[in-house]
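Read off the chains here:
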Amino acid sequence: MLAAVFERYGPPEVVHLAERPLPEPGPGEVRVRVHTSVVGSADAAGRSGSPWFARLFFGLRRPRREVLGTDFAGAVDAVGPGASLVIGDRVFGFTGPNGGGNAEFAIVSAGGVVLPTPSSLDDVEAVAAIEGFLTALPFLRDTCGVRPGDEVLVNGASGAVGSTAVQLARWMGARVTAVTSTPNVDRVRALGADRVIDYTAERFIDARDAYDAVFDAVGASSFGRCRRSLTRRGVYATTVPSFGVLALMPLSRLFGRRRAAISFTGLLPVARKRDDLRLLCELVEQGAFVPVIDRVVPFERIAEAHARVDTHRKVGAVVVAMAGAAR
């Protein structure tokens, strides 16, 4: 099979296609013929080894794993003993933090984070939905504790995680303020934001005691800059770890009601992520959630997908399409 591999940290061009042995499913596992996968911010950090703390997970001197990608959509190609899925089933899911999704085939546990793909989604939409949803939902629900009537600000509202957060916060009953750039104002408003701030014209951090939660989906701000914008019980949550936020998490809990927080959503228990994926299916069927897609890149040009993510200007998910992707 073909897989997108990288043996050293560096620019997008270090990722290339190479032949690898076709994996065989073990007991309780299935082999999925991957039709679509995603290149997200975590993949770009793993490939570049930057920021430096990414290497704590991916490998200090060189990558520990040669194939990135955690989100996939495709069809079951082979089943191991005791697996509950059937060959030919359309499925989508999450491989786990060890990656392996940027390949023509992937092995996953049938009892893991994998479910039948909703009939209303094609392969591109299905995989785009996963990237933002499995990150935004735990942040809003668990880290920020969003409740009906809360004021929630989403910074980076046009990205895969941010566009999902806008929709989920509305579904949770919050009033949503979305921060984005000029070209994306109308697009973000169409997702259900009550108010949209164009950061090129207005500073959201100038507000005082305004937000019960500030979800920084792109790590472009900081707790220090946002602190005065939070209500007394407000939470600043960011997807990008740093020494600053990691140090402030316990300190802000001890010395003030306003607090900083981060969550490593990729490491959440399988059972919880499977439940979250099931909720994604329900919201899609209800029409309460629509994935946002930046572009679709052919598998053989996966380096272009990494380059697009590196611009920090993507609008939604950057999807990688293998042969057989349904659209």
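As a convention, each chain's residues are numbered from 1 in the sequence order in which they are written. Residues qualify for local features only when their pLDDT is at least 70, as the model is predicted, and side-chain atom pairs are given and counted only at 80 or more; totals for whole chains, interfaces and linings, by contrast, use all residues. Side-chain calculation: all heavy atoms of the structure are included, whereas hydrogens and water are not.

1. Some words on the overall build of the protein chain
If you tally the helices and strands in the protein chain, you get nine helices and 15 strands. For the protein chain, the C-alpha radius of gyration of 19 Å lies close to 20 Å, the compact-globule estimate for 327 residues. Taken along its principal axes, the extent of the C-alpha atoms in the protein chain is 55 × 45 × 40 Å. Think of it in three bands: with a 1.4 Å probe and only protein chains considered, a residue is buried below 20% of the maximum accessible area for its type, exposed above 50%, and partly exposed in between. By the burial criterion, 55% of the 327 residues in the protein chain qualify as buried. For accessible areas, the Shrake-Rupley method is used with a probe of radius 1.4 Å. Any residue's cover is judged against the shown protein chains and nothing else. As displayed, the protein chain has an accessible area near 14100 Å², and 54% of this comes from carbon and sulfur atoms. The secondary structure listing takes helices from DSSP runs of H or I that are at least 4 residues long and strands from runs of E that are at least 2 residues long, numbered from the N terminus. For the radius of gyration, the atoms used are the C-alpha atoms, and the globule rule reads 2.2 Å times the number of residues raised to 0.38.

2. Considerations on the side chain of Asp123
Of note, Asp123 is situated in helix α3 (residues 123-143). In the analysis that follows, any N or O atom pair within 3.5 Å is treated as a polar contact, provided that within protein one partner can donate a hydrogen and the other can accept it, and provided that, for residues neighboring in sequence, both atoms belong to side chains. In this structure the side chain of Asp123 is engaged in a polar contact, spanning 3.1 Å, whose partner is the side chain of His35. One polar contact links Asp123 to Arg90, side chain to side chain, over a distance of 3.3 Å.

3. Considering the domain arrangement of the protein chain
Here the bounds of each domain stem from an automatic or database domain assignment. Assigned domains within the protein chain: domain 1 (2-121 + 291-321) and domain 2 (133-266). One C-alpha centre belongs to domain 1, the other to domain 2; they are set 27 Å apart. Each partner contributes residues to the interface: domain 1 has eleven residues there, and domain 2 has 14 residues. Accessible area that two parts lose when put together, evaluated with a 1.4 Å probe and summed over both, is termed the buried area. Of the roughly 860 Å² buried between domain 1 and domain 2, counting both surfaces, carbon and sulfur atoms make up 69%. By the criterion of area lost to domain 2, the three top residues of domain 1 are Phe53, Val292 and Val315, representing 47% of everything that side buries. Whenever a carboxyl oxygen of Asp or Glu lies within 4 Å of a side-chain nitrogen of Lys or Arg, that contact is scored as a salt bridge. Here domain 1 and domain 2 share zero salt bridges between them. Taken together, the connections running from domain 1 to domain 2 amount to one residue pair in polar contact (both at pLDDT 80 or more). Between two residues, a contact is recorded if the distance between any of their heavy atoms is within 4.5 Å.

4. Overview of the pattern of salt bridges
A full pass over the atoms with the stated rule returns 22 salt bridges. Measuring nitrogen to oxygen at the nearest pair gives 3.9 Å for the salt bridge that ties Asp212 to Arg233. On the criterion of sequence distance, the pair formed by Asp212 in strand β11 (residues 211-216) and Arg233 in strand β12 (residues 230-238) is long-range, its members being 21 residues apart. A residue is classified by how much of its surface remains accessible, and Asp212, at 12% relative accessible area, is buried. Take Arg233: its relative accessible area is 34%, and that puts it in the partly exposed class. The salt bridge partner of Asp294 is Arg295, with a shortest N-O separation of 2.7 Å.

5. Quick word on the sheet that holds β12
In sheet architecture, strand pairing relies on hydrogen bonds along the backbone and comes in two forms, parallel and antiparallel. One open sheet accounts for six strands, arranged β10-β9-β8-β11-β12-β13; its pairing is parallel. Of all the strands in the sheet, the pair left with one neighbour each is β10 (195-198) and β13 (259-262). Here the strands of the sheet are splayed against their neighbours by 20 degrees on average, with no regard to which way each runs. Along the sheet, α3 makes contact with β8 (151-155), β11, β12 and β13, crossing β12 at roughly 155 degrees. In this scheme, strands are said to pair when DSSP sees at least two bridges between them. Fitted lines through C-alpha atoms give the axes, limited to the stretch in contact for helices. The angle between two N-to-C directions lies from 0 to 180 degrees.

6. A short note on the packing of α3 against helix α4 (residues 160-171)
Orientation of α3 relative to α4, taken along the N-to-C sense of each, is 55 degrees, at an axis distance of 8 Å. In terms of their interaxial angle, α3 and α4 are classed as oblique. Both α3 and α4 take part in a crossing whose hand is right-handed. Packed against α3, whose contacting residues are Glu131, Gly132, Phe133, Thr135, Ala136, Leu137 and Leu140, the element α4 presents Ala160, Val161, Thr164, Ala165, Leu168 and Ala169 at the interface. Classification convention: Asp, Glu, Lys, Arg as charged; Ala, Val, Leu, Ile, Met, Phe, Trp, Tyr, Cys, Pro as nonpolar; all other residues, Gly among them, as polar. Class assignment for the residues of the contact of α3 with α4 results in nine nonpolar, three polar and one charged. Just so you know how the angles are binned, under 35 degrees is roughly parallel, over 145 roughly antiparallel, 65 to 115 roughly perpendicular, and the rest oblique. Crossing handedness: left-handed means the near helix sits turned counterclockwise from the far one by under a right angle, and right-handed means the same turn made clockwise.

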